[in-house]
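Below, each chain spelled out in residue letters.
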Amino acid sequence: MPRQKIRSLLKILMVLVPAVVVYKLILQQYNYTFISEMRRALYVDVDVDKSSQTTKKLPKDKDGGCYMDTHCPDYHFSFYMRSGAENVMGPKICIQNKMVLGMMLDNVGHGLNIVIMNGKAGNITETGHFNMYNNEVEPLIKFLKSIEDGSVVLIASWDEPSSNLNDEAKMLIADLGSFAVSSLGYRDNWLFVGGKRATMRNFEKHLKNDNNLNKNGWPQEVELKGCIPKYMD
Ligand SMILES: *[C@@H]1O[C@H](CO)[C@@H](O)[C@H](O)[C@H]1NC(C)=O
């Protein structure tokens, strides 16, 4: 091989090898979901239809991965939610395939992330996030007490949801139908869907922060999806 060629090959390798190493390090650092989330943000998925040799674009993910293909019966609202991942990736709450809380909307924070939905009309009446590590519990209590009857309440944790939760706050959340709130611990991952004084099926997922089960020192994020029955008169 001529000298010139070898030299340019070496140059390419000198750039490529560190890039691959850095990429590998990133992969090890964060779990798979985070990476796929990043990929999703960077690329549009392309589906190659071999028979016709045309390139067909999949429906573009306009709603940040909220399109779930969840087919709910009439008089139901579909929902999808995901807890935060480590302290890096914010949680996400979607209603009817549309993001209502998430990093893209800039309405999330470490602690408890809450969406209030009108149980009849399905519109979002309020969202809030409450840092339960650095901040006091009073604003959360005020928020919980202001929830109107007939509301659906969706809660997603990020990072640390429990340190400053007191008995009063836990009681208010238990009144919405949560069982797990009483045992919520430091850096647990938790998702909940309930309602204020309305008989509805509740949804809940709780993953303890447990050194034996953690990945990279954190509990894995949890996901929940389903159909919320509309409140009737
Ligand atoms: C939600 O919908 C209800 C019923 O249509 C309406 O009364 C209420 O004002 C709406 N609230 C918001 C915040 O859009």
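Above: the structure in question.
As a convention, each chain's residues are numbered from 1 in the sequence order in which they are written. Residues qualify for local features only when their pLDDT is at least 70, as the model is predicted, and side-chain atom pairs are given and counted only at 80 or more; totals for whole chains, interfaces and linings, by contrast, use all residues. Excluding hydrogens and water, the side-chain values take into account all heavy atoms of the structure.

Talk me through the overall build of the protein; I want residue IDs and the actual numbers.
Numbering of helices and strands runs from the N terminus; a helix is a DSSP stretch of H or I covering at least four residues, while a strand is a stretch of E covering at least two. Within the protein one finds four helices and eleven strands. Residue exposure (1.4 Å probe, protein chains only): buried if accessible area is under 20% of the type maximum, exposed if over 50%, otherwise partly exposed. The buried share among the 233 residues of the protein stands at 41%. A separation of at least 24 residues holds for 61% of the contacts in the protein among residues at least 6 apart in sequence. In what follows, residue pairs with any heavy atoms lying within 4.5 Å of each other are defined as contacts.

Outline the nonpolar core, supporting the account with residue identities and numerical values.
If you look at the biggest cluster of nonpolar residues, it comprises 23 residues, and the most contacted ones within it are L112, I114, L140, L144, I155, L165 and W190. Those elements that place two or more of their residues in this core are strand 6 (111–118), helix 3 (138–145), strand 8 (151–158), helix 4 (167–175) and strand 9 (189–195). In terms of residues, this core owes the most to one element, helix 3, which gives four residues. Not counting the four nearest positions on each side in its chain, I155 is found in contact with M81, L112, N113, I114, I173, W190, L191 and F192. Among buried residues, the Ala, Val, Leu, Ile, Met, Phe, Trp, Tyr and Cys ones that are joined through side-chain atoms within 4.5 Å form a nonpolar core. Counting residues in hydrophobic clusters, the runner-up holds 21 residues, among them F77, V115, V152 and Y231.

Tell me about the pattern of salt bridges, residues and numbers included.
Put simply, a salt bridge is a Lys or Arg side-chain nitrogen that is within 4 Å of an Asp or Glu carboxyl oxygen. Overall, the coordinates contain three salt bridges when judged by the stated rule. As a salt-bridge pair, E168 and K145 come within 2.9 Å of each other at their nearest N and O atoms. Placement of E168 in helix 4 and of K145 in helix 3 is noted, with a sequence separation of 23 residues between them. What makes E168 partly exposed here is its relative accessible area of 37%. Across the pair D159 and R187 runs a salt bridge whose closest N-O atoms are separated by 3.1 Å. Remark: R187 occurs in the loop between helix 4 and strand 9 and D159 occurs in the loop between strand 8 and helix 4; sequence separation between them is 28 residues.

Can you explain the packing of aromatic side chains? Please cite residues and give values.
Working definition: rings of Phe, Tyr and Trp (its six-membered ring) pair if their centres are within 6.5 Å, and the pair is stacked with planes under 30 degrees apart, edge-to-face with planes over 60 apart, and tilted otherwise. The tally for this structure, following the rule as stated, stands at four aromatic pairs. For the pair F130 and F143, a centre-to-centre distance of 5.0 Å together with 55° between the ring planes defines the contact as tilted. One end of the pair, F130, is in strand 7 (residues 124–130); the other, F143, is in helix 3, and 13 residues separate them in sequence. Here F130 matches F143 in class, with each residue buried. Ring geometry for Y133 and Y186: centres 6.4 Å apart, planes at 50°, overall tilted.

Describe the state of the cysteines, listing the residues and the values that go with them.
Any two cysteine sulfur atoms within 2.5 Å of one another count as a disulfide. Scanning the entire structure with this criterion turns up two disulfides. One disulfide in the model links C66 with C94; its S-S distance is 2.0 Å. Because the torsion about its S-S bond is -60°, the bridge between C66 and C94 counts as left-handed. Taken together, the residues span a long stretch of sequence, with C66 in the loop between strand 2 (54–57) and strand 3 (76–82) and C94 in strand 4 (residues 92–95) at a distance of 28 residues. With respect to burial, C66 and C94 carry one shared label: buried. Each disulfide pairs two cysteine sulfurs, and for C72 the partner residue is C227, the sulfurs being separated by 2.1 Å. Because the torsion about its S-S bond is -85°, the bridge between C72 and C227 counts as left-handed. Within this pair, whereas C72 is found in the loop between strand 2 and strand 3, its partner C227 is found in strand 11 (residues 223–229), the two being separated by 155 residues in sequence. The exposure class of C72 is partly exposed, given its relative accessible area of 22%. In the protein, the bonded cysteines, taken in the order they occur along the sequence, pair up as 1-3, 2-4.

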